[in-house]
Amino acid sequence: MEKRKLSFWDIWNMSFGFLGIQMGFALQNANASRILQIFGADVEELSWFWIVAPLTGLIVQPIIGYYSDRTWTRLGRRRPYFLTGALLASMGLVLMPNADMFTAFLPALWVGAGMLMIMDASFNIAMEPFRALVADLLPSDQRTLGFSVQTVLIGIGAVIGSWMPYALTNWFGVSNNTVEGEVPLNLLLSFGIGAAILVISILITVFTTKEYSPEEMALIGANENEIEEEEEESSLLNIFSDFKKMPLTMKQLSSVQFFSWFGLFGMWVFSVPAIAHHVYGLALDDHGTLYQNAGDWVGILFGVYNAVSAVYAFFLPAIAKKIGRKMTHAISLFFGGLGLISIYFVPNENWLFLSMFGIGIAWASILAMPYAILAGSIPAKKMGVYMGIFNFFIVIPQIVNALIGGPIVKYLYGGNPIFALIISGVSLIIAGVLVVRVKDVDDKVVIVK
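Residues numbered from 1 in each chain as written. Predicted model: local features only at pLDDT ≥ 70, side-chain atom pairs only at ≥ 80, totals over all residues. Heavy atoms only, no water.

### Section: the overall build of the protein chain
At step 1: Of regular secondary structure, the protein chain possesses 17 helices and zero strands.
At step 2: Here the protein chain holds 449 residues, and 60% of them are scored as buried.
At step 3: A sequence separation of at least 24 residues applies to 84% of the contacts in the protein chain between residues at least 6 apart.
At step 4: Taken as a whole, the protein chain presents about 17400 Å² of accessible surface, with 68% of it coming from carbon and sulfur. (Helix = DSSP H or I, 4+ residues; strand = E, 2+ residues; numbered from the N terminus. Buried < 20%, exposed > 50% of the residue type's maximum accessible area, 1.4 Å probe, protein only. Contact = heavy atoms within 4.5 Å. Areas by Shrake-Rupley, 256 points an atom, 1.4 Å probe, with all protein chains shown as cover.)

Right under this line is the structure:
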């Protein structure tokens, strides 16, 4: 049995839930730091609060991958997991900006950090099975298209999520004024709308996508001449043995992922305070209306880089076909690194659009190329667990940055977070150099004469 080729709209529906996931993820990335600052966090403490996000991913993703490989229900193999994750994430989206409601029990800052943990754990529960679903259902020659369509939908969702606070204030007159310790109304509404769209988009994927049964997957694996491993007793501890036996391609991609996500984490954590201070000229402890305006503008900028990534993702399959997936990823990461470094040199906030162009190119490639390269080296019957293990190389660099980022900003950069963005840019360039040595086992390059 061979995997059937899917139409573009089949692939679109299969990945549509990612639009809602990324909308919620974008709301978190663009606004979690300023919400935590509203609740009392200092700038050098932000990375420590953000550490709960990658820590939960480190624990959750391999476990979800392991069990989704061994699950079959009326909803299928992967769908029960991303539906559960979406419901939990929507709860976190509603409760995080409303953390001040729980001050009778705990400080709002700690409640907000707890909701951040719930959100990110839930996004991890939803994201990993989506990656595995594309690898499950698509033949090798459609995988780049599949992950690129995911990237398009991620970009669309992220644009909506990133722009929503600004749009509600500037287009619909919703107030972004805040009093001490309270999140402005435009953020409260944005997170609530994001939660609703997240659930609806996931349901569209759940009800329009049919998965292969375990019996069909076994036949597909036999047809693809997979090496049958000695049957092992089913145990969650097998994750550790699978980690030791990971394919060479995954090992080589690990360093690429480390520097890519180290840089991305620094950008997400420090963009609002860095741009407010370095570009807008505000004091680091100023969280008033001008700071909220700067935060809304960062949301617009994040929307721009996600819009660029959505457009660029359409061209990724064609570019990769011409120059190879590795070179496509390397060049894209260089653009992202230069974009981040350029933030230091811009004369005003409008020039930041140019910086976001480079970052958007890198983001599109980061969301598609490593997975397209990886999928061809993984046995189909262990796609979920290896996709989960691959997440180690996403969350570990974020944990490292979370631990050292704040102290470095405080003691090495003199409290100025703009230098954290410069280091993030350098990190993306290093990742671009490292990807060239990766072995892509099923890359198809067209030699142009």
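Having seen the structure, we can now continue with the description.
### Topic: the pattern of salt bridges
At step 1: Under the criterion given, the structure shown has four salt bridges.
At step 2: Between Arg-78 and Asp-136 there is a salt bridge, and its shortest N-O distance comes to 2.6 Å. Within this pair, whereas Arg-78 is found in the loop between helix 4 (52-69) and helix 5 (79-95), its partner Asp-136 is found in helix 6 (residues 108-137), the two being separated by 58 residues in sequence. By the burial criterion, Arg-78 is buried, and Asp-136 matches it. (Salt bridge = Lys/Arg side-chain N within 4 Å of Asp/Glu carboxyl O.)

### Quick look at helix 11 (residues 248-278)
At step 1: Helix length check: helix 11, at 31 residues, gives a terminal C-alpha distance of 43 Å against a target of 45 Å (1.5 Å per residue), a fit within 8%.
At step 2: Its axis deflected by about 60° at Phe-270, helix 11 carries its strongest bend there, up to four residues before the proline Pro-273. (Expected span 1.5 Å × (residues − 1). Bend = angle between axes of the 7 residues up to and from the residue.)

### Some thoughts on the packing of aromatic side chains
At step 1: A full pass over the atoms with the stated rule returns 17 aromatic pairs.
At step 2: Ring centres 5.7 Å apart and planes at 70° place the aromatic pair Trp-9 and Trp-12 in the edge-to-face group. Of the two residues, Trp-9 and Trp-12 are both situated in helix 1 (residues 8-15); the distance of three residues between them amounts to about one turn of the helix.
At step 3: Summarising the aromatic geometry, the rings of Trp-261 and Trp-363 are spaced 5.9 Å apart at their centres and angled 70° between planes, so their arrangement reads as edge-to-face. Of this pair, Trp-261 sits in helix 11 while Trp-363 sits in helix 14 (residues 352-375), placing them 102 residues apart in sequence.
At step 4: Judged by relative accessible area, which is 7%, Trp-261 ranks as buried. (Phe/Tyr/Trp six-rings, centres within 6.5 Å; stacked < 30°, edge-to-face > 60°.)

### So, a nonpolar patch on the surface
At step 1: A cluster of nonpolar side chains, namely Phe-8, Trp-9, Leu-145, Val-311, Phe-314 and Phe-315, defines an oily patch on the protein surface of about 620 Å² accessible area.
At step 2: If you list the elements that add at least two residues to the nonpolar patch, you get helix 1 and helix 12 (289-323).
At step 3: Counting residues per element, the nonpolar patch draws most heavily on helix 12, at three residues.
At step 4: Look at Trp-9 and you get exposed, because its relative accessible area is 55%. (Patch = residues over 30% accessible without salt bridge, like charges linked within 9 Å, V, L, I, M, F, W, Y side chains within 5 Å.)

### Brief notes about the confidence of the model for the protein chain
At step 1: Mean pLDDT over the protein chain works out to 82, with 89% of the residues at or above the 70 mark.
At step 2: For the stretch residues 225-233, pLDDT sits under 50, and the model shows 14 contacts to residues farther than four places along the chain or on other chains. (pLDDT = per-residue confidence, 0-100.)

### Some points on the nonpolar core
Inside soluble globular proteins, nonpolar side chains tend to come together where they are buried.
At step 1: The biggest cluster of nonpolar side chains holds 130 residues, and the ones touching the most others in it are Ile-21, Ile-202, Met-250 and Trp-268.
At step 2: With residues up to four places along the chain from it excluded, the contact list for Ile-202 reads Gly-17, Ile-21, Phe-82, Leu-83, Ala-86 and Phe-130.
At step 3: Core analysis: the next-biggest nonpolar cluster, separate from the first, contains five residues, Val-60, Ile-64, Tyr-81 and Ala-121 among them. (Core = buried A, V, L, I, M, F, W, Y, C linked by side-chain atoms within 4.5 Å.)

### Some points on helix 14
At step 1: The end-to-end C-alpha distance of helix 14 is 35 Å, a good match for the 34 Å that 24 residues give at a rise of 1.5 Å each.
At step 2: At Ile-366, helix 14 shows its strongest bend, of approximately 35°, with the proline Pro-370 following within four residues.

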